[in-house]
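Spelled out, the chains give:
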Amino acid sequence: MSWGTELWDQFDNLEKHTQCGIDVLEKYIKFVKERTEIELSYAKQLRNLSKKYQPKKNSKEEEEYRYTSTRAFLATLNEMNDYAGQHEVISENMTSLITGELTRYVQELKQERKSHFHDGRKAQQHIETCWKQLEASKRRFERDCKEADRAQQYFEKMDADINVTKADVEKARQQAQLRHQMAEDSKAEYSSTLQKFNSEQHDHYYTHIPNIFQKIQEMEERRIVRIGESMKTFAEVDRQVIPIIGKCLDEITKAAESIDHKNDSQLVIEAFKSGFEPPGDIDFEDFTQPMKRTISESSLSNSRADGKSEPKFGGKSKGKLWPFIKKNKLSLKLGAGPEDFSNLPPEQRRKKLQQKVDELNKDIQKEMDQRDALTKMKDVYIKNPQMGDAASVDHRLAELGQNIEKLRLEVQKFEGWLAEVEGRLPTRTEQARRQSGLYEAQNTSAVNSCAQDRESPDGSYTEEQSQETEMKVPATDFDDEFDDEEPLPTIGTCKALYTFEGQNEGTISVAEGEMLYVIEEDKGDGWTRIRRNEDEEGYVPTSYVEVYLDKNAKGAMTYI
């Protein structure tokens, strides 16, 4: 089966067929190129999708990724990023192994095809030239034969005519002989040309054209094989990334299986546990006997039982409020909390302090590593002065030593606060009693002030009274009696270790180094009640002051 023998007369059709083959190849190249663009676009969209749902750094959303379910979602996002990378690999491999290779091959194929058909046209032109030469020789032989025949007839005519001179007859005879000789020469030339043409034609149809068509056939078969191989490569490129994509999907499944609902529930407890105990029962207060109220066993009622006056009701109320109300929570969100996290519940404060201690220890270790590295460098410089000046690192070593010392002081400070918190976490009995007392105080104030203060669901108290409500509280003889009571006696003094901005109702602002009077010591909730003068008293974090209790203190006192 050879195109040279079977299709010897189909030169034009073969030219069209091979051109169509090249067009198909170029069309396939364009198809693969568009596929690579789709893969790149898909990978880009997957990456953007993964990036869109990644948690933002230093945001509240990042804190949610400590739970197994959200960590599994984060793992899914990371795997999708790797999944997108495999589609980029598909695009790169198809571009290099198929598109690039076939593009170069098409250029070579076009040049080869052009060369083969150029040789075919050249062979056709040669055989056509030989044919024209044969036709010219044939026409010349025919013409010479006719001329010789006419000359022979003229000679015979002249020879038969008695009126023609002998010279004319001789001339006609010579002319006939000349024409006859020319005919013979043309015959010989025609015969030679014919033999030559037959030989050329045989070579053309049995040697030259078969060889050219055979080359064209081989070229076309290579094209067909090449496009088949490219299609196999097309599938193989996809098949190569299937194991990696499978691993990505396996990791997503593994992340989903790692979700632990019990563990997440425990993490919620650890994240939001305040350390307080639920409030105890509120004692019944009998208002049928105005001057004989039942006293709760709270920190406030205990002080009243010792002969201290109750806080005034209405607009002048100085009753103790639960320290963790909404204002404090707002200040926390704005990052305005104190350094020792005293505005947080005990359990949360302990965690924050522990976290701070761990961070400082890491910083100390980092500084020590740098110091060790510089020390080794200095030793090298001392042994090999040509490598550097040993004195050049002394300044940096001194800085690192100072930094380490500062960090250690910070660690000691936070460890002190941490030990204080861990030692002051109240037992359930004491905490329930104090909570009960606070509820009682708030409840009493609410009854006499038209529900000025309301209990929040989390056990803290929020102030939601308006000025209008406060103005509507009637003044009674009962209130006047409490207005005339003596202030709480001092039980010692204290010195402010740090500045505290008392922004919540019930607290008082103090300046660092300021001396104040203590009127109620810390009952386990981290707050101490102090007084500056007759009209200024409130609560400050116990860790902010150094308390000096006076066991022999009397009710009388001198105001600052």
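Residues numbered from 1 in each chain as written. Predicted model: local features only at pLDDT ≥ 70, side-chain atom pairs only at ≥ 80, totals over all residues. Heavy atoms only, no water.

Looking at the pattern of salt bridges
Stage number 1. Taken as a whole and assessed by the stated rule, the structure comprises 23 salt bridges.
Stage number 2. One salt bridge in this structure joins Arg121 and Glu15, with 2.1 Å as the shortest N-O distance. Linking Arg121 in helix 4 (residues 68-160) with Glu15 in helix 2 (residues 11-52), this pair joins segments that are 106 residues apart in sequence.
Stage number 3. By relative accessible area, which is 34% here, Arg121 ends up partly exposed.
Stage number 4. Between Lys146 and Glu142 there is a salt bridge, with the nearest N and O atoms lying 3.6 Å from each other. Here Glu142 and Lys146 lie together in helix 4, a separation of four residues that amounts to about one turn.
Stage number 5. In this structure Glu142 comes out as partly exposed when scored by relative accessible area, which is 40%.
Stage number 6. Where salt bridges share partners, they join Glu520, Arg529, Arg531 and Glu537 into one cluster. (Salt bridge = Lys/Arg side-chain N within 4 Å of Asp/Glu carboxyl O. Helix = DSSP H or I, 4+ residues; strand = E, 2+ residues; numbered from the N terminus. Buried < 20%, exposed > 50% of the residue type's maximum accessible area, 1.4 Å probe, protein only.)

Some points on the sheet that holds strand 7 (residues 545-549)
Stage number 1. Read from one edge to the other, the open sheet built from five strands follows the order 6-5-4-3-7, with strand pairing classed as antiparallel. Only two strands of the sheet have a single partner each, and these edge strands are strand 6 (536-541) and strand 7. The sheet shows a mean angle of 40° between the axes of neighbouring strands, taken without regard to direction.
Stage number 2. Bridging between strand 5 (residues 527-533) and strand 6 involves six bridges; their strand directions are antiparallel. The residue bridging Thr528 from the neighbouring strand is Val540, located in strand 6. (Pairing = 2+ DSSP bridges. Axes fitted to C-alpha atoms, helices over the stretch in contact; angles between N-to-C directions.)

Here we look at the nonpolar core
Stage number 1. If you look at the biggest cluster of nonpolar residues, it comprises 31 residues, and the most contacted ones within it are Leu25, Tyr28, Met94, Ile98, Phe213 and Ile216.
Stage number 2. Among the elements of the structure, helix 2, helix 4 and helix 5 (166-257) are those that each provide at least two residues to this core.
Stage number 3. For Leu25, the residues in contact, after removing those within four places along its chain, are Leu102, Tyr105, Val106, Leu109, Arg223 and Ile227.
Stage number 4. Of all hydrophobic cores here, the second largest spans 13 residues; its members include Val518, Tyr539, Tyr544 and Val545. (Core = buried A, V, L, I, M, F, W, Y, C linked by side-chain atoms within 4.5 Å. Contact = heavy atoms within 4.5 Å.)

Notes on the confidence of the model for the chain
Stage number 1. On average, residues of the chain score 78 in pLDDT, and 77% of them are at 70 or above.
Stage number 2. Within the model, pLDDT remains below 50 along residues 291-335, and this stretch shows 112 contacts once partners closer than five positions in the same chain are excluded.
Stage number 3. In the predicted structure, residues 554-560 sits below a pLDDT of 50 and forms 18 contacts with residues beyond four places in sequence or in another chain. (pLDDT = per-residue confidence, 0-100.)

Notes on the packing of aromatic side chains
Stage number 1. Enumeration over the complete set of coordinates arrives at twelve aromatic pairs.
Stage number 2. Seen in terms of ring centroids, Phe141 and Tyr190 are 5.8 Å apart; in terms of plane orientation they differ by 5°. Their pairing is stacked. In this pair, Phe141 sits in helix 4 while Tyr190 sits in helix 5, placing the two residues 49 residues apart along the sequence.
Stage number 3. Tyr190 sits in the buried class, given a relative accessible area of 18%.
Stage number 4. Ring centres of Phe414 and Trp417 lie 5.2 Å apart, and the angle between their planes is 85°; this geometry places the pair in the edge-to-face category. Of this pair, Phe414 and Trp417 both sit in helix 10 (residues 394-424), separated by three residues, roughly a single helical turn.
Stage number 5. Overall, Trp417 belongs to the buried group, its relative accessible area being 5%.
Stage number 6. An aromatic cluster of at least three residues, connected via ring pairs, comprises Phe414, Trp417, Tyr498, Phe500, Trp527 and Tyr544.
Stage number 7. Between Arg226 and the ring centre of Tyr105, over which it is positioned, the NZ or CZ distance is 4.7 Å. (Phe/Tyr/Trp six-rings, centres within 6.5 Å; stacked < 30°, edge-to-face > 60°. Lys NZ or Arg CZ within 6 Å of the ring centre and 35° of its normal.)

Looking at the packing of helix 2 against helix 5
Stage number 1. Between helix 2 and helix 5, the least distance of the axes is 11 Å, while the angle of their chain directions is 15°. Compared by their axis directions, helix 2 and helix 5 come out roughly parallel. In this structure, the crossing between helix 2 and helix 5 has a hand that is left-handed. Across from Phe11, Leu14, His17, Thr18, Gly21, Ile22, Val24, Leu25, Tyr28, Phe31, Val32 and Arg35 in helix 2, the residues of helix 5 making contact are Phe213, Ile216, Met219, Glu220, Arg223, Ile227, Ser230, Met231, Phe234 and Asp238.
Stage number 2. The class makeup of the residues in the contact of helix 2 with helix 5 is 14 nonpolar, four polar and four charged. (Parallel < 35°, antiparallel > 145°, perpendicular 65-115°, else oblique. Left-handed = near helix turned anticlockwise from the far one by under 90°. Nonpolar A, V, L, I, M, F, W, Y, C, P; charged D, E, K, R; others polar.)

Some points on the pairing of strand 3 (residues 492-496)
Stage number 1. Going residue by residue along strand 3, you find Gly492, Cys494 and Ala496 tucked away on one face and Thr493 and Lys495 left uncovered on the opposite face.
Stage number 2. Pairing analysis gives four bridges linking strand 3 to strand 4 (residues 515-520), with the strands arranged antiparallel. Directly across from Cys494, in strand 4, lies its bridge partner Leu516.
Stage number 3. Note: strand 3 against strand 7, five bridges, orientation antiparallel. Each residue of the ladder has a partner; that of Cys494, found in strand 7, is Val547.

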